[in-house]
Amino acid sequence: MNTRKKNIYKNKSVLLSSDCTKNKKLPKEFNNIVNNKFKNLNFIKISVLITAKFGLINKTRSYENVKNKAIKLFKKQEKKLNIQKDYKVYFIDCSFKKNLESCINNIKTSNIVWVMGGDTFYLWYHLKNSKVGDLICNKVKENKILYVGCCAGAIVAGETLNPSYIARFYKKSYKFNLNNIYKQDFWNNLNNKKTFKFIKNKDILPHCKTKKSRVLNMYKNKTKMFCLPEYKPLIK
């Protein structure tokens, strides 16, 4: 890799993907950033935020069941990453008080914060309510960590949560439709819909196959919708 490319990767702080497990280009870009951004580190710490997965808890899915499935999914992703440095992974959550102190301490000392997909509304409510979102945002803006966002984790990296509303408009499932949004009254305040803004003036729509999709055509807003395809990561 030439010097110019190395310098480019050194200053990257955000890596977004629709599906972090299936995205074949993600491991290469992930390692390009890690090996240049953290060139002088022999060991890196990775905090995996599994909060969005807990929005899927219901009568048949317990806390432990959801947690174990989230860990299993990341380990599947981890194998494909083929990380070239010594590292350790910590699984964190900001939606339960008993987990909050550990979550904050881990983020403060991590090099990478990996935000898994799941229920976007559940994820953003707890990121905002716990102030963990502020902590992550500040560390990204200071170029101190690499933020990896998968699906819901990618959506909250944009300007607003609007893509989640639009996506649910087409969902027929009970869990992911407009009538079943977590803490619905909370979203009446427009400020609560504003997310990290890592990608300026763009809302992130994961699993978007084409820029000509009907979802994008119906999106009439000053903020542009960015079509995040299935197999191409977005780097900033």
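Our structure is the block above this text.
For every chain, the first residue of the written sequence is number 1, and numbering continues from 1 along that sequence. Totals for whole chains, interfaces and linings use every residue, but because this is a predicted model, local features are given only for residues with pLDDT of at least 70 and side-chain atom pairs only at 80 or more, for both listing and counting. Note that water and hydrogens are dropped before the side-chain values are worked out from all heavy atoms of the structure.

Caption draft 1: The arrangement of the nonpolar core in detail. What we call a nonpolar core is a set of buried Ala, Val, Leu, Ile, Met, Phe, Trp, Tyr and Cys residues that are connected through their side-chain atoms within 4.5 Å. When accessible area is computed with a 1.4 Å probe and restricted to protein chains, residues below 20% of their type maximum are described as buried, those above 50% as exposed, and intermediate ones as partly exposed. Judged by nonpolar contacts, the single largest core of 38 residues is most densely connected at L16, L127, I136, Y147, W187, F196 and F198. Secondary structure elements follow DSSP: runs of H or I no shorter than four residues count as helices, runs of E no shorter than two count as strands, and numbering proceeds from the N terminus. When residues of this core are traced back to their parent elements, those giving at least two are strand 1 (14-17), helix 5 (97-108), strand 4 (112-115), helix 6 (120-130), helix 7 (132-141) and helix 8 (152-155). Ranked by size, the runner-up nonpolar core spans 27 residues in total, among them Y9, V34, V48 and I83.

Caption draft 2: Broad picture of the pattern of salt bridges. Any carboxyl oxygen of Asp or Glu that lies within 4 Å of a side-chain nitrogen of Lys or Arg is treated as forming a salt bridge with it. Counted by the stated rule, this structure contains two salt bridges. The salt bridge partner of D119 is R168, with a shortest N-O separation of 3.0 Å. Taken together, the residues span a long stretch of sequence, with D119 in the loop between strand 4 and helix 6 and R168 in helix 9 (residues 162-169) at a distance of 49 residues. Assigned by exposure class, D119 and R168 land together as buried.

Caption draft 3: Summary view of the environment of I44. Examined against the element boundaries, I44 turns out to sit in strand 2 (residues 43-49). Remark: the alpha-carbon pair of I44 and T109, spanning 65 residues in sequence, is separated by 9.7 Å. Dropping the residues within four chain positions of it, I44 is found in contact with V34, F38, I83, K85, D86, Y87, K88, N111 and I112. Residue contacts are counted whenever heavy atoms from the two residues lie within 4.5 Å of one another.

Caption draft 4: Seen up close, the packing of aromatic side chains. Ring geometry is summarised as follows: Phe, Tyr and Trp rings, the Trp one being its six-membered ring, pair when their centres sit within 6.5 Å, and such pairs are stacked at plane angles under 30 degrees, edge-to-face over 60 and tilted between the two. Scanning the entire structure with this criterion turns up 16 aromatic pairs. Centre to centre, the rings of F121 and W187 are 5.3 Å apart; their planes meet at 70°, and the pair counts as edge-to-face. Remark: W187 occurs in the loop between helix 9 and strand 6 (202-205) and F121 occurs in helix 6; sequence separation between them is 66 residues. Each member of the pair F121 and W187 is classed as buried.

Caption draft 5: Just the state of the cysteines, in detail. Pairs of cysteine sulfur atoms within 2.5 Å are identified as disulfides in what follows. Evaluated as defined, the whole model comprises two disulfides. Note that C20 is cross-linked by a disulfide to C150, the S-S spacing being 2.0 Å. Because the sign of the S-S torsion sets the handedness, a value of about -100° for the bond joining C20 and C150 places this disulfide among the left-handed ones. Pair noted here: C20 is in the loop between strand 1 and helix 2 (26-37) and C150 is in strand 5 (residues 146-150), with a separation of 130 residues, a long-range link. Residue class for C20 comes out buried when judged on its relative accessible area of 7%. Using a relative accessible area of 5% as the deciding quantity, one classes C150 as buried. The partner cysteine of C208 in its disulfide is C227, sulfur to sulfur 2.2 Å.

Caption draft 6: Structural detail: the sheet that holds strand 5. For two strands to count as paired, DSSP must find a minimum of two bridges between them. The six strands lie next to each other as 3-2-4-5-1-8, forming an open sheet whose pairing is mixed. With partners counted over all chains shown, the strands left at the sheet margins are strand 3 (86-92) and strand 8 (234-235), one partner each. Note that strand 2 and strand 4 share four bridges and pair parallel. The partner of S47 across the bridge, within strand 4, is V113. This element, helix 5, spans strand 2, strand 3 and strand 4 of the sheet and lies at about 145° to strand 2. The angle between two axes is taken between their N-to-C directions and runs from 0 to 180 degrees, where each axis is a line fitted to C-alpha atoms and a helix contributes only its stretch in contact.

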